[in-house]
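Residues per chain are reported as follows:
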Amino acid sequence: MSTHVHVIRAGDGRRLTAPDADITVLVGGDHTGEAYEVFLVEASRTAPDGPLHAEPWSKSYHVLRGRILVQAGHTGFELAAGETIVIEAGTMNTFTVLSESADFLLVSAGAANSRFVGDLDAVGRGRHSPEQVARLLHGVTDRYGVELATGAGAP
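This structure is a prediction, so every number in the text was calculated from the model and none was measured.

Parameters and conventions
- Residues numbered from 1 in each chain as written.
- Predicted model: local features only at pLDDT ≥ 70, side-chain atom pairs only at ≥ 80, totals over all residues.
- Heavy atoms only, no water.
- Helix = DSSP H or I, 4+ residues; strand = E, 2+ residues; numbered from the N terminus.
- Buried < 20%, exposed > 50% of the residue type's maximum accessible area, 1.4 Å probe, protein only.
- Contact = heavy atoms within 4.5 Å.
- Lys, Arg positive; Asp, Glu negative; His and termini not counted.
- Charge placed at Lys NZ, Arg CZ, Asp CG, Glu CD.
- Pairing = 2+ DSSP bridges.
- Expected span 1.5 Å × (residues − 1).
- Arc of directions from axis to C-beta.
- Axes fitted to C-alpha atoms, helices over the stretch in contact; angles between N-to-C directions.

Notes on the overall build of the chain
- Within the chain, the secondary structure is distributed over two helices and 11 strands.
- With respect to the principal axes defined by its C-alpha atoms, the chain has extents near 50 × 30 × 30 Å.
- Counting the 155 residues in the chain, one finds 39% classified as buried.
- In the chain, the proportion of contacts linking residues at least 24 apart, taken out of those at least 6 apart, comes to 64%.
- Between the centroid of the 12 positive side chains of the chain and the centroid of its 19 negative side chains there is a distance of 6 Å.

Spelled out as structure tokens, the structure:
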């Protein structure tokens, strides 16, 4: 029997930037047989809210610090440190930071979320006009099967 162990030390992990948060990949799908991934999400109240969207993978948020409002379907859920929400695949959702800032763990099923956020990060690092950014971001959501709510802007 072989033993495979992956240790992430404080400050380690692949850091990515999405339009609404800084995200560190703590456990990628390559370490879990593509069963799940774990991320540290650090967001501030001043960051723009992401659009209402639905991913083809389930996910959960566990708040470590601060307060967030999670819109899931037609209901808003206010979460504080120590609280967790599970969102099934295909559920329209987004989050808003209610405190100055908030940190939470994001656990997602499968291994697509890190690639998705990595592609969002790459778009943000490029030198593009606002029209190009919108087109590129919609291309990323289409590629990963992430559905934006009708009338929602680019992430």
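Having seen the model, we can carry on.
Notes on the pairing of strand E6 (residues 67–72)
- Burial of E6 is one-sided: the residues Ile 68, Val 70 and Ala 72 facing one way are buried, the residues Arg 67, Leu 69 and Gln 71 facing the other way are not.
- The pairing of E6 with strand E7 (residues 75–80) spans six bridges and is antiparallel. Considered in E7, the bridge of Val 70 is made with Phe 77.
- The turn joining E6 and E7, which pair antiparallel and follow one another in sequence, is formed by two residues; a positive phi near 65 degrees is taken by Gly 73.
- Pairing between E6 and strand E9 (residues 93–97): five bridges, direction antiparallel. Within E9, the residue paired with Ile 68 across the bridge is Val 97.

Remarks on unusual backbone geometry
- Here the phi dihedral of Glu 34 falls at roughly 60 degrees; this positive angle occurs in a residue that is not glycine.
- Inspection of the secondary structure puts Glu 34 in the loop between strand E2 (21–27) and strand E3 (36–44).

A look at helix H2 (residues 130–143)
- Here H2 contains 14 residues, and its C-alpha end-to-end distance of 20 Å stays within 8% of the 20 Å for a straight helix at 1.5 Å per residue.
- For H2, the full list of buried residues reads Leu 137, Val 140 and Thr 141. Looking straight down H2, one finds that the buried residues subtend no more than 95 degrees of arc, so they occupy a single side. Those residues of H2 that are exposed and angled more than 90 degrees off the buried face are Glu 131, Arg 135, Asp 142 and Arg 143.
- Here the buried face of H2 lies against helix H1 (112–125) and strand E11 (147–148).

Section: the side chain of Ser 114
- Looking at where Ser 114 falls in the secondary structure, it is placed in helix H1.
- By relative accessible area, which is 9% here, Ser 114 ends up buried.
- Dropping the residues within four chain positions of it, Ser 114 is found in contact with Arg 14, Leu 16, Val 25, Glu 37 and Phe 39.

Details of the sheet that holds E3
- Across the sheet, which stays open at both edges, the six strands sit in the order E1-E2-E3-E10-E5-E8 with antiparallel pairing between neighbours. Looking at which strands have only one partner, the edges of the open sheet turn out to be strand E1 (14–18) and strand E8 (84–87). Adjacent strand axes in the sheet meet at a mean angle of 25 degrees when their direction is disregarded.
- Examined bridge by bridge, E1 and E2 share five bridges and lie antiparallel to one another. Across the sheet, the residue bridging to Ala 18 is Ala 21, located in E2.
- H1 contacts E1, E2, E3 and strand E10 (101–109) of the sheet and is inclined by roughly 65 degrees relative to E1.

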